[in-house]
Amino acid sequence: MNSRGLRSQLKDSVPVAGFCPQSQFGVQDSLRGGFSSVKNELLPSHPLELSEKNFRLNQDKMNFSTLRNIQGLHAPLKLQMEYQAARQIQRLPFLQSSNLALDTLRGSDDTIGFEDILNDPAQSEMMGEPHMMSVSQILWSFHPVSARKVPDVDVGGSYLLESKFGLYF
Amino acid sequence: MALSNVLEAPAAGFNFENSSRNAALQAGLEGQTPRPMKTGTTIAGVVFKDGVVLGADTRATSSEVVADKMCSKIHYMAPNIYCCGAGTAADTEKTTDLVASNLTIFSLNSGRKPRVVMAVNILQDLLYRYRGQIGASLILGGVDCTGSHLYTVGPYGSVDKKPYLAMGSGNLAAMGIMEDGFRPDLELDQAKQLVRSAIQAGILNDLGSGHNIDLCVITDRGVDYIRPYQESQYKDHRTNKYRFRQGTTPVLTDTVVPLELEVVEEKVQQMETS
């Protein structure tokens, strides 16, 4: 059920280079990311790393394409608009939101998976500095729409290429 | 833009940050790495006339050492569904717990008892998603509104539905007994004896299985969890008492140093007893 993904859909997924945390000036951050090596930056170190990072993305894409094939274009269009709206309901940039509306839309509000037990972002020991996070979000809102970072819930904090309505075809 | 104090929230779920470090350590340590606790194991199940009988041994090993002599391998999933787990002990327990929680939520939402095939589908999706990295081979058995069912789910997500099954390192021995003794529509006692013999064969012929035999009988009237059904004949009996009597060690010298305490401040507070 989760695995009818098509390889062609992976082209929009998060690129591997999104793994190592970047520091200021783009230099490797040894404190947070460990020692740098070219191999680490090109390939994921664990076979599951890439598939887990893109899991929800791929599942959504697949479901939407199936829905489009069955019910026509309007169905995924309307759903995507609702997802966009639900994704905008967030708290302050440095606070963790429960994303209840998004969960309800996805249907994952009545299932428990490893993402609810392990590494819960609400229990994270680190917190971003409130002023810097708010400033950074305001600055990003002025950025042109082509590469927009939204406090993202399905792909942990990486950059997504989205069209105006966030459709994936 | 990436400032050093703008935090990227960690993604929920599995964290692979240390996997490259672990790979480097494994290459460096060359075999002295800590081993996870596996359940080695013989687990078996059979469908009989009124329901399902599941059986398991109780030994858990950590490479060559027995880590747990009385480990419980038959896990609860729903009031009418139980699951035997072989493979990495933590993986089987956590996975069955997760599926049990999901089934409970489903029962509360819909007001229905879950079906065995639902548990199997959830497990299959979960294990296939993680491509076998979660080392859990499970035998699920239960009775629901459609009848009694016995399924096996492999670590990579393969599913098989059979009237009799055996899994684990002792499955070859157990399967031999099962193949010979299975008949359709067995009685309860015959089914229990069959599963007992199958697990016994696994215990005798496999190093990863041992000690007691647990049985779980599931019928539409209820569940009978018999732990232990058969105890190991190799229990240790202490032949002597090994406590030393008082005065075995002679006392040579005795020094008492009184602690001098000085009263610095005295405060009396009345307690309200009304």
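Remember, it's a predicted structure, so these values are computed and weren't measured experimentally. (Residues numbered from 1 in each chain as written. Chains lettered and ligands numbered in written order. Predicted model: local features only at pLDDT ≥ 70, side-chain atom pairs only at ≥ 80, totals over all residues. Heavy atoms only, no water.)

J.: Where do I start with the overall build of chain B in this structure?
T.: When its secondary structure is counted, chain B shows 5 helices and 12 strands. In terms of overall size, chain B is more extended than a compact globule, its C-alpha atoms giving a radius of gyration of 27 Å where 274 residues would be expected to give roughly 19 Å. By its C-alpha atoms, chain B is 85 × 75 × 65 Å across when sized along the principal axes. Within chain B, the proportion of its 274 residues that are buried is 41%. Counted over contacts in chain B with a minimum sequence separation of 6, partners at least 24 positions apart contribute 61%. Carbon and sulfur atoms make up 51% of the accessible area of chain B, which totals about 16,700 Å². Taken as two groups, the 26 positive and 30 negative side-chain charges of chain B have centres that lie 6 Å from each other. (Helix = DSSP H or I, 4+ residues; strand = E, 2+ residues; numbered from the N terminus. Rg over C-alpha atoms; globule rule 2.2 N^0.38 Å. Buried < 20%, exposed > 50% of the residue type's maximum accessible area, 1.4 Å probe, protein only. Contact = heavy atoms within 4.5 Å. Areas by Shrake-Rupley, 256 points an atom, 1.4 Å probe, with all protein chains shown as cover. Lys, Arg positive; Asp, Glu negative; His and termini not counted. Charge placed at Lys NZ, Arg CZ, Asp CG, Glu CD.)

J.: Looking at this model, I keep getting lost on the sheet that holds strand S5 (residues 74–78) of chain B. Mind explaining?
T.: Each strand in a sheet pairs with another by means of backbone hydrogen bonds, the pair being arranged parallel or else antiparallel. Residues and elements named next belong to chain B. Strand order in the open sheet formed by 5 strands is S5-S6-S7-S8-S9, with antiparallel pairing between adjacent strands. Either end of the sheet is taken by a strand with one partner, and the two such strands are S5 and strand S9 (159–161). Mean inter-strand twist for the sheet, computed between neighbouring axes without regard to direction, equals 25°. Both strand S7 (residues 136–144) and strand S8 (residues 147–153) contribute to a ladder of 7 bridges, which runs antiparallel. Opposite Gly142, over in S8, you have His149 as the bridge partner. Against the sheet, helix H2 (residues 89–110) makes contact with S5, strand S6 (81–87) and S7, and its axis sits at roughly 20° relative to S5, the strand it touches most. (Pairing = 2+ DSSP bridges. Axes fitted to C-alpha atoms, helices over the stretch in contact; angles between N-to-C directions.)

J.: Would you mind showing me how to read a nonpolar patch on the surface here?
T.: A cluster of nonpolar side chains, Val135, Ile138, Leu139 and Phe142 of chain A, forms an exposed patch at the surface whose accessible area comes to about 420 Å². Relative to the helices and strands, Leu139 of chain A is located in helix H8 (residues 130–141). (Patch = residues over 30% accessible without salt bridge, like charges linked within 9 Å, V, L, I, M, F, W, Y side chains within 5 Å. Salt bridge = Lys/Arg side-chain N within 4 Å of Asp/Glu carboxyl O.)

J.: Would you mind going over the side chain of Thr95 of chain B with me for this structure?
T.: Residue and element names in this part refer to chain B. Locating Thr95 in the fold gives a position in helix H2. Judged by its relative accessible area of 0%, Thr95 falls in the buried class. If we ignore the near neighbours within four places in the chain, the residues touching Thr95 are Leu123, Leu126 and Ile134.

J.: Would you mind showing me how to read the packing of aromatic side chains here?
T.: Here the distance between the centres and the angle between the planes together describe a pair of aromatic rings. For the coordinates displayed, the defined rule picks out 7 aromatic pairs over all chains. A centroid spacing of 5.1 Å and a plane angle of 80° characterise the contact between Phe14 of chain B and Tyr130 of chain B, whose relative ring orientation is edge-to-face. Placement of the pair is Phe14 of chain B in the segment before helix H1 (19–29) and Tyr130 of chain B in the loop between helix H3 (116–129) and S7, with a sequence separation of 116 residues. Given a relative accessible area of 31%, Phe14 of chain B falls into the partly exposed group. With centroids separated by 5.7 Å and ring planes inclined at 85°, the aromatic side chains of Tyr76 of chain B and Tyr82 of chain B adopt a geometry described as edge-to-face. On the basis of relative accessible area, Tyr76 of chain B is assigned to the partly exposed category, the value being 42%. What links up through ring pairs into an aromatic cluster is the set Phe114 of chain A together with Phe14 and Tyr130 of chain B. (Phe/Tyr/Trp six-rings, centres within 6.5 Å; stacked < 30°, edge-to-face > 60°.)

J.: Any chance you could explain the pattern of salt bridges here in plain terms?
T.: Any two side chains of opposite charge can pair, so long as their charged atoms come close to each other. A full pass over the atoms with the stated rule returns 7 salt bridges over all chains. It is possible to trace a salt-bridge network through shared partners that takes in Glu52 and Glu115 of chain A together with Arg129 of chain B.

J.: Explanation requested: the UniProt feature "domain: Proteasome beta subunit C-terminal" (unreviewed entry) in chain B in the structure shown.
T.: As annotated by UniProt and renumbered to match this structure, "domain: Proteasome beta subunit C-terminal" (unreviewed entry) occupies residues 237–268 of chain B. For residues 237–268 of chain B, the helix share is 0%, the strand share is 0%, and the end-to-end C-alpha distance is 59 Å. (UniProt positions renumbered as here; feature names shortened; annotations may be inferred.)

J.: Help me out: how do you make sense of unusual backbone geometry in this one?
T.: Trans is the common state for peptide bonds, and a negative phi is the common state for residues other than glycine. Residues and elements named next belong to chain B. Cis peptide bonds are those with omega within 30 degrees of zero, and the linkage from Arg227 to Pro228 qualifies with 0°. Looking at where Pro228 falls in the secondary structure, it is placed in strand S12 (residues 222–230). If you check the backbone angles, Ser63 has positive phi at about 50° while not being a glycine. As for its placement among the helices and strands, Ser63 is situated in the loop between strand S3 (60–62) and strand S4 (65–68). Despite not being glycine, Asp185 has its phi angle at roughly 60°, a positive value. Within the fold, Asp185 resides in the loop between helix H4 (171–181) and helix H5 (188–205). Among the residues examined, Asp185 registers a relative accessible area of 58% and is labelled exposed.

J.: Sorry if this is basic, but what is going on with the UniProt feature "active site" (unreviewed entry) in chain B here?
T.: All names here are of chain B. In this numbering, the UniProt entry assigns the feature "active site" (unreviewed entry) to Thr41. Position of Thr41 relative to the elements: it lies in the loop between H1 and strand S1 (43–47). Ignoring sequence-local partners within four residues, the contact set of Thr41 consists of Asp57, Lys73, Ala86, Met167, Gly168, Ser169, Gly170, Asp206, Gly208 and Ser209.

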